[in-house]
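# Fold and geometry: a report
Each chain is listed here by its residues.
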Amino acid sequence: MKMPEPDAAILSRRQAIATALGAIVPGEGVIVDEEERRAYESDGLTAYRQLPLIVVLPTTTQQVAAVLRYCQGEGIKVVPRGAGTSLSGGALPLTDGILLGLGRFKRILDIDYDNRCVVAQPGVTNLAISDAVAERGFYYAPDPSSQIACTIGGNVAENSGGVHCLKYGMTTNNLLGLEIVTMEGEIVRLGGRHLDADGYDLLGIMTGSEGLLGVITEVTVRILPKPATARALLIGFQTSESAGDCVAAIIAGGIIPAGMEMMDRPAIHAVEAFVKAGYPLDVEALLIVELDGPKPEVDYLIGKVEAIARENAAVSVRISTSEAERLAFWAGRKAAFPAVGRISPDYYCMDGTIPRHRLPTVLARIRQLSARHGLEVANVFHAGDGNLHPLILYDANNSGELEKAEEFGADILRLCVEVGGVLTGEHGVGVEKRDLMPIMFSDDDLKQQQRLKCAFDPKQLLNPGKVFPVLHRCAELGRMHVRSGFTPFPDLPRF
């Protein structure tokens, strides 16, 4: 269906803003053409999409600051965007706001081996940091499955994890410093090249803030020496509950693996058909457990984990005997999302976190929900820290299936909170989980969070409409700032 033509007032407004931005970011840094803007109409949550008013692509921190100062003065909304791999709609643009793309910030600025850190611009991909330091035997520990494409700035905004976050932590545990630009255009440095910063934990506030508080223009992360030895076990079970029991038993045994991932039968079959990693096809659940460190320690722990697995009804145990075999185990897990995309026209990737010991209960309940909603689900998740990624299979061409998938997903997230977990582990809230926030937070909790937002962005121009189900004026929250022309966020158009 052809979209209605914008009226003359909108066209005039767009042109005026484009002219002003063009003076700040010359050359091809401002995108007005509709077809070119369409490349930015959604992020990884492709069920929702809309065209931004204008796209601007700065190349320097000073340009970012000037753009934000201009938008602050003119009351123009701004949505920051990295690589657009967010799965929660965090980078969904606004029809009456500009999209601030940081894809041109893609340089590694410094590699400091003495202080074991890397300084990078936010558009540098996660994997590029490890690649840059690999020849000296170092790497960057957080490794999301999308690490070949996702950027370090986006990792900070969503506090991303990955298969090795169990032992080495999320982004927040590996972040040393940031350069950010506030909505007023002030350039601020937080932290540095040292492990701890004094004063308020502003790094902690910015990590996982989903673009609501400031625009990240530089990131300093710590790098680690590669472990002397790394080996992995591929363990099969006849039930997902047995695999969940094994996860809990490994942690209870005082063993902290470098990574511990789990897949159920639909995911196993999809991955094996796609990657041919050598996964067994006669099991209901598959656990990948990796141990790293000095060789004697790793060999000892491999034996301990194998014994725990067999005590918990494992029907197959395969231990990597070479680096190529270990990498093959992980190649399958890392390709799980695209692999599932081959067996279903569409899938909806969920993200919630539960206490590890509730894994068997939650997996059983997800199967019940699958039957109730009439949609299949493939389970892929970071079993070690309880971060679930159920992939709900549906066909958007069938009327009502997207809505069914969304309600199924909402029920999974309600279940996570019910058993003592949280709404998100690493994908963020964005627009996807925004309306579910009240099941986890009281009204007072949400207002307190918005007071923090007001301290950084009193006019609430930076990524509005995300995270909070109800947006209050800053004055209503007990601050002195008074907003003018406040309008609630618009209904989200769906694809």
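Up top is the structure.
The rules we used
- Residues numbered from 1 in each chain as written.
- Predicted model: local features only at pLDDT ≥ 70, side-chain atom pairs only at ≥ 80, totals over all residues.
- Heavy atoms only, no water.
- Pairing = 2+ DSSP bridges.
- Helix = DSSP H or I, 4+ residues; strand = E, 2+ residues; numbered from the N terminus.
- Contact = heavy atoms within 4.5 Å.
- Axes fitted to C-alpha atoms, helices over the stretch in contact; angles between N-to-C directions.
- Disulfide = S-S within 2.5 Å.
- Buried < 20%, exposed > 50% of the residue type's maximum accessible area, 1.4 Å probe, protein only.
- Core = buried A, V, L, I, M, F, W, Y, C linked by side-chain atoms within 4.5 Å.
- 1 Å grid on protein atoms, 1.4 Å probe; cavity = no way out; pocket = protein on both sides within 12 Å on 5 of 7 lines; lining within 4 Å.
- Points joined across faces, edges and corners; volume = space filled by probe spheres on them.
- Nonpolar A, V, L, I, M, F, W, Y, C, P; charged D, E, K, R; others polar.
- Lys, Arg positive; Asp, Glu negative; His and termini not counted.
- Salt bridge = Lys/Arg side-chain N within 4 Å of Asp/Glu carboxyl O.
- Polar contact = N/O pair within 3.5 Å; in protein donor to acceptor, adjacent residues only side chain to side chain.
- Parallel < 35°, antiparallel > 145°, perpendicular 65-115°, else oblique.
- Left-handed = near helix turned anticlockwise from the far one by under 90°.

Next up on the list: the sheet that holds strand β3 (residues 77-81). With mixed pairing, 4 strands are arranged side by side in an open sheet as β1-β2-β4-β3. In this open sheet, the two edge strands, each paired with only one partner strand, are β1 (30-31) and β3. Here 2 bridges tie β1 to strand β2 (residues 54-56), and the two strands are oriented antiparallel to one another. From the neighbouring strand, Val-30 faces β2, where its bridge partner is Val-56. Lying on the sheet, helix α1 (residues 8-24) is in contact with β1, β2 and β4 (97-101); it crosses β2 at an angle near 5°. Set on the sheet, helix α3 (residues 61-74) makes contact with β2, β3 and β4; between it and β4 the angle comes to about 170°.

What follows deals with the state of the cysteines. Inspection of the entire model under this criterion finds 1 disulfide. Residue Cys-454 pairs covalently with Cys-474 via a disulfide, S to S 2.2 Å. Taking the torsion about the sulfur-sulfur bond, which here is approximately -95°, the covalent link between Cys-454 and Cys-474 counts as left-handed. Of the two residues, Cys-454 is situated in helix α15 (residues 443-456) and Cys-474 in the segment after α15; the sequence distance between them amounts to 20 residues. With relative accessibility at 0%, the residue Cys-454 sits in the buried group. Cys-246 forms no disulfide, and the closest cysteine sulfur to it belongs to Cys-165, at a distance of 18 Å. Residue classification places Cys-246 among the buried positions, given a relative accessible area of 0%.

On to the nonpolar core, then. Judged by nonpolar contacts, the single largest core of 83 residues is most densely connected at Leu-178, Ile-235, Leu-287, Val-289, Leu-291 and Ile-392. Looking at this core element by element, the count peaks at 8 residues for helix α14 (residues 401-418). Among residues more than four places away in sequence, those in contact with Ile-392 are Asp-346, Tyr-347, Tyr-348, Met-350, Leu-375, Glu-376, Val-377, Ala-405, Phe-408, Gly-409 and Ile-412.

All right, on to empty space enclosed by the protein then. Summed over the entire model, instances satisfying the criterion amount to 3 cavities of 30 Å³ or more. Lining the second largest cavity are Leu-212, Lys-453, Gln-460, Leu-462, Asn-463, Pro-464, Gly-465, Lys-466, Phe-468 and Leu-471. For the lining of the second largest cavity, a count of residues per class yields 5 nonpolar, 3 polar and 2 charged.

In this section: the side chain of Arg-37. Within the fold, Arg-37 resides in helix α2 (residues 34-37). One buried charged side chain, Arg-37, makes no salt bridge at all; its nearest oppositely charged neighbour is Glu-34, positioned 4.8 Å away. Here Val-32 takes part through its backbone oxygen, which lies 2.7 Å from a polar atom of the side chain of Arg-37. If we skip the residues at most four places from it in the chain, Arg-37 touches Arg-14, Ile-31, Val-32, Leu-51, Pro-52, Leu-53, Ile-54 and Val-55.

Our focus in this paragraph is the packing of helix α8 (residues 240-252) against helix α10 (residues 295-311). One can describe the packing of α8 onto α10 by two numbers: an axis separation of 9 Å at closest approach and a directional angle of 140°. Taken together, α8 and α10 sit at an angle that is classed as oblique. Seen from above, α8 lies across α10 with right-handed handedness. Touching Cys-246, Ala-249 and Ile-250 of α8 are Val-305, Ile-308 and Ala-309, all from α10. Residue composition of the contact of α8 with α10, by class: 6 nonpolar, no polar and no charged.

Side chains of strand β6 (residues 117-120) alternate between two faces, with Cys-117 and Val-119 and Val-118 and Ala-120 buried alike. Counted along the chain from strand β5 (residues 108-112) to the antiparallel partner β6, the turn is 4 residues long, and its residue Arg-116 has a positive phi close to 50°. Bridge analysis of β6 against strand β10 (residues 215-222) gives 4 bridges, and the strand direction is antiparallel. Paired with Cys-117 across the bridge in β10 is Arg-222.

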